Each structure stands twice: as structure tokens, then as C-alpha cells.
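Structure assessment
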Amino acid sequence: MALELWQTLKEAIHAYTGLSPVVFFTALALAFAIYQVISGWFASPFDDVNRHQRARSLAQEDEPPIPQPVQVGEITEEELKQYDGSDPQKPLLMAIKHQIYDVTQSRMFYGPGGPYALFAGKDASRALAKMSFEEKDLTWDISGLGPFELEALQDWEYKFMSKYAKVGTVKVAGSEPETASVSEPAENVDRDAHVTTTPENTAVDKSDEAPAETELKE
């Protein structure tokens, strides 16, 4: 049956076109290839846009939904390292100037394999200010930075404040400046309290004050 159909098709091709079946099908394939090339030249630019949008929609459907930001409160640097993206069940966190932000929605940038993955789970204020990817700069310590670097860090902070949710702060030992004591030593207070005002003491006091007044006038 198949041979009879093939024989009938060959006779029809030869009768209507005068070509052999081999030549006919070769010409047909060549014409189809030329059509594809020419149609590609005049394709609408919106076709590519629609194709990318469909691919993006499919990718978004495959990705799990982004969880709502969860407040972590005040945590240490060691605790912050647990949110570096290595555990997909935990949010992706990053800190600037001790302020922690949830950057889970930008996992493609800050998650494993992303261009800024080494900043995740850390307070990398110094590295952001210097735009450095060196391990020694992955710290909150911004001492010694110049005005341009501090301005760059400020831009990063504004960006994070406007785009990501703040979920906590980093507790760093020794990061707060110590307050100097202004209380007077107790022994001086006791000594002054036991001084008896006498003419001799008054004279001595005046003589002691005189050099100081002279120095101020000079």
C-alpha cells in the first residue's frame, strides 16, 4: 500500500512539475529555509519582548514565593552569618552600619552564586564604601575612610532604606565609643571639704589664683 502511494506521488510530481521527486523535495526544503531567513529580517521587535516576558513568567512560576520579612531584633555578627543564603529556608540578610536589611527579594544578586554574595550575612559597610571584594574589608569598621568613600556608603544606605525592609540591628562589642567620666576624684572633694577658712588660708588661696589670672590675661 505504501509503495503504491509513493509511486503515485512520484508520478504526480513529475506530471505537474516535470521534476524528479529528489529535485522537487530539495527545492522545497531550500525555499522553506529562504523563507525563514527573510521572515527573520522583518520580524517585529515585539516578538522578542513577548518571548522574554513569557520566559520570565515561567521562571517566576517555578520560583517559590518570597516570604514576608521577619524581625530578628538585635543579634551578633555570628548569628547574622546564619542568614547568608546557604539555607534556603531562612531569609537573606545583610547589614550596613549595624542596620540589618532583608534582601531576600534580590537573591539573584546577594544569594549564593550572585555577584554580591560575599556581602550576605555580614555587615560589610567598609567593603561597600570602598567597592572592595577583599576579605579584609568585609567589616563594619569604617574608620579612616575618606569623604568620597563615606558618601558612597551613604548612597548604599539610602538605597537599602528605600528598597528593603529593616529587620534588626547588629550588636558589635566595642563599636560604641566609651564616655569619659567627668566626676571629680573623691580625695580632692574630701580635701576641699576639710579646709578651714582662715586669714592665712585666704592669703594662700589668693596667691595661688594670681598666676592663673595672669596667664589668662597674657
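The rules we used
- Residues numbered from 1 in each chain as written.
- Predicted model: local features only at pLDDT ≥ 70, side-chain atom pairs only at ≥ 80, totals over all residues.
- Heavy atoms only, no water.
- UniProt positions renumbered as here; feature names shortened; annotations may be inferred.
- Helix = DSSP H or I, 4+ residues; strand = E, 2+ residues; numbered from the N terminus.
- Expected span 1.5 Å × (residues − 1).
- Buried < 20%, exposed > 50% of the residue type's maximum accessible area, 1.4 Å probe, protein only.
- Arc of directions from axis to C-beta.
- Contact = heavy atoms within 4.5 Å.
- Patch = residues over 30% accessible without salt bridge, like charges linked within 9 Å, V, L, I, M, F, W, Y side chains within 5 Å.
- Areas by Shrake-Rupley, 256 points an atom, 1.4 Å probe, with all protein chains shown as cover.
- Salt bridge = Lys/Arg side-chain N within 4 Å of Asp/Glu carboxyl O.
- Pairing = 2+ DSSP bridges.
- Axes fitted to C-alpha atoms, helices over the stretch in contact; angles between N-to-C directions.
- Phe/Tyr/Trp six-rings, centres within 6.5 Å; stacked < 30°, edge-to-face > 60°.

Under the annotation held in an unreviewed UniProt entry, the protein chain carries the name Cytochrome b5 heme-binding domain-containing protein and is attributed to Arabidopsis lyrata subsp. lyrata. For the record of the protein chain, the UniProt heading Subcellular location (unreviewed entry) holds the text "Cell membrane". In UniProt, the protein chain has this text filed under Sequence similarities (unreviewed entry): "Belongs to the cytochrome b5 family. MAPR subfamily."

1. A closer look at helix α7 (residues 147-163)
One turn of an α-helix holds 3.6 residues; hence residues three or four places apart share an orientation. Taking 1.5 Å per residue, 17 residues should reach 24 Å; α7 reaches 24 Å between its end C-alpha atoms and fits that length. Residues L153, W156, E157 and F160 constitute the buried set of α7. What you see down the axis of α7 is that its buried residues fit within an arc of 100°, all on one side. α7 presents P147, F148, Y158 and S162 as exposed residues on the side facing more than 90 degrees away from its buried surface. Where α7 is buried, its residues touch β2 (93-96), β3 (99-102), α5 (107-110) and α6 (125-130).

2. Some points on a nonpolar patch on the surface
The grouping of L30, I34, V37, I38 and W41 at the surface amounts to a nonpolar patch, some 540 Å² of accessible area in total. Take V37: it is sitting in helix α2 (residues 21-41). On the basis of relative accessibility, which here comes to 44%, the residue V37 falls in the partly exposed class.

3. So, the sheet that holds strand β1 (residues 73-76)
Reading across from one edge, β1-β4-β3-β2 is the order of the 4 strands in this open sheet, with mixed pairing throughout. Looking at the sheet topology across the chains shown, the edges are occupied by β1 and β2. Between one strand and the next, the sheet's axes are offset by a mean angle of 40°, whatever the strand orientation. Lying over the sheet, α7 contacts β2, β3 and β4 (165-171), oriented at roughly 135° with respect to β2.

4. Things to note about the pattern of salt bridges
Following the criterion strictly, the structure yields 5 salt bridges and no others. Between E157 and K97 there is a salt bridge; the shortest N-O distance is 3.2 Å. Here the residue E157 occupies a position in helix α7, and K97 occupies one in the loop between β2 and β3, the gap between them amounting to 60 residues. Residue classification places E157 among the buried residues on the basis of a relative accessible area of 10%.

5. Quick look at the packing of aromatic side chains
Counted under the stated rule, the structure contains 9 aromatic pairs. The interplanar angle of 75° and the centroid separation of 5.7 Å between the aromatic rings of Y101 and F160 together place this pair among those described as edge-to-face. With Y101 in strand β3 and F160 in helix α7, this pair connects stretches of sequence that are 59 residues apart. Geometrically, the ring pair formed by Y116 and F119 is stacked, given 6.0 Å between the ring centres and 10° between the ring planes. Its relative accessible area of 23% is what places Y116 among the partly exposed residues. On the accessibility criterion, F119 (1% relative accessible area) is buried.

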